[in-house]
Amino acid sequence: MISMEDLVASSIRGLARQTREKNAAVIVNSLPDVTADRTALNQIMGNLLDNAIKYLDSGRPGRIEISGERTSTGVIYRVRDNGRGISRDDLPKLFNIFRRLGQLDVPGEGVGLAFVRALIRLHGGRIWCESEEGVGSTFSFVIPLARHASGQLQEKRGWTTLPEEEKNVADPT
């Protein structure tokens, strides 16, 4: 079982300089623990937080909020920012490898979100983004609970697949 509060706190400490430079406040709400690959979750959260900081709007104080909730089928985590936002036309391309969107004034190769999506999919999960240009973005991802032969949902280390009824939910990819 991974303490997501500890994992996120570690990621935030690692990004402290960038956060200070952008004059950003980072708010961490209560985060449910999850059973998953720690290295993968560290890379997922680190990338989402790094992007949230990099794409803040320099014209206003930055705010990044991390939250999570346990549902009957999985654990959903959200990283919300008040950054530049993403145009509606660009959202379907967001998780494509080597795809850079919007202003290209921030260094990058266009692989980070594609890698994040791959790591989440390896856990049987999904990721999606809601965004409004000039307002900010919310990246949400779910790590599902495993369904065992008994029909009971339980957390389990390793990878699983989503129940059929959850496969068509708000994933722009």
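Preceding block: the structure.
Computed from a prediction, not measured in an experiment: that's the story for all the values here.

Scoring rules and cut-offs
In this convention, every chain numbers its residues from 1, walking through the sequence in written order. Restriction of local features to residues with pLDDT of at least 70 applies here, the model being predicted, together with a cutoff of 80 or more for giving and counting side-chain atom pairs; totals for whole chains, interfaces and linings are based on all residues. Excluding hydrogens and water, the side-chain figures rest on all heavy atoms present in the structure. A cavity, in this analysis, means grid points on a 1 Å lattice covering only the protein atoms where a 1.4 Å probe fits yet has no way out; a pocket is instead an open set bounded by protein on both sides within 12 Å along at least five of seven lines, and a residue lines either one if it has an atom within 4 Å of a point. Grid points are joined across faces, edges and corners, and a volume is the space filled by probe spheres set on the points. Residue type decides the class: Asp, Glu, Lys and Arg count as charged, Ala, Val, Leu, Ile, Met, Phe, Trp, Tyr, Cys and Pro as nonpolar, and the leftover types, Gly among them, as polar. In this text, buried Ala, Val, Leu, Ile, Met, Phe, Trp, Tyr and Cys residues form a nonpolar core when linked through side-chain atoms within 4.5 Å. Burial classes: relative accessible area under 20% of the type maximum marks a residue as buried, over 50% as exposed, and values in between as partly exposed (1.4 Å probe, protein chains only). Numbering of helices and strands runs from the N terminus; a helix is a DSSP stretch of H or I covering at least four residues, while a strand is a stretch of E covering at least two. Stacked, tilted and edge-to-face pairs are distinguished by plane angle, under 30 degrees for stacked and over 60 for edge-to-face with tilted covering the rest, among Phe, Tyr and Trp rings (Trp via its six-membered ring) whose centres lie within 6.5 Å. One bridge is not enough; two strands pair if DSSP finds at least two bridges between them.

## Points about empty space enclosed by the protein
In this approach, a probe sized like a water molecule rolls over the atoms, and the result shows the empty space that is left.
So, point 1. Considering all chains together, one arrives at two cavities of 30 Å³ or more under this definition.
So, point 2. A volume near 40 Å³ is recorded for the second largest cavity.
So, point 3. If you go around the second largest cavity, the residues you meet are Ile-12, Leu-15, Thr-19, Val-26, Leu-49, Ile-53 and Ile-64.
So, point 4. Among the residues forming the lining of the second largest cavity, the class breakdown is six nonpolar, one polar and no charged.

## Let's talk about the nonpolar core
So, point 1. Judged by nonpolar contacts, the single largest core of 36 residues is most densely connected at Met-4, Leu-41, Leu-48, Phe-139 and Phe-141.
So, point 2. Mapped onto this core, the elements with two or more residues apiece are α1 (4-14), α3 (38-54), β2 (62-70), β3 (74-81), α4 (112-122), β4 (126-132) and β5 (136-144).
So, point 3. It is α3 that provides the largest number of residues to this core, a total of eight residues.

## Description of the packing of aromatic side chains
The description of an aromatic ring pair rests on the distance of the ring centres and on the angle between the ring planes.
So, point 1. Under the definition given, this model contains two aromatic pairs.
So, point 2. With 5.5 Å between their ring centres and 40 degrees between their planes, Tyr-77 and Phe-141 make a pair best called tilted. Residue Tyr-77 is found in strand β3, and its partner Phe-141 is found in strand β5; the two are separated by 64 residues along the sequence.
So, point 3. With relative accessibility at 0%, the residue Phe-141 sits in the buried group.
So, point 4. Considering the side-chain rings of Phe-95 and Phe-139, the 6.3 Å spacing of their centres and the 85 degrees angle between planes classify their relative orientation as edge-to-face. Placement of Phe-95 in the loop between β3 and α4 and of Phe-139 in strand β5 is noted, with a sequence separation of 44 residues between them.
So, point 5. By relative accessible area, which is 0% here, Phe-95 ends up buried.
So, point 6. The class for Phe-139 is buried, based on a relative accessible area of 9%.

## Some points on the pairing of β2
Working note: regular strand, side chains alternate between the two faces of the sheet.
So, point 1. For strand β1 (residues 24-28) and β2, the ladder comprises five bridges, and the chain directions are parallel. Along β2, the bridge assignment pairs Val-26 with Ile-64.
So, point 2. In this structure, β2 lies alongside β3, joined through seven bridges in antiparallel fashion. Within the sheet, the bridge partner assigned to Glu-69 lies in β3 and is Ile-76.

Such coordinate-based values are descriptive only and should not be taken to indicate function.
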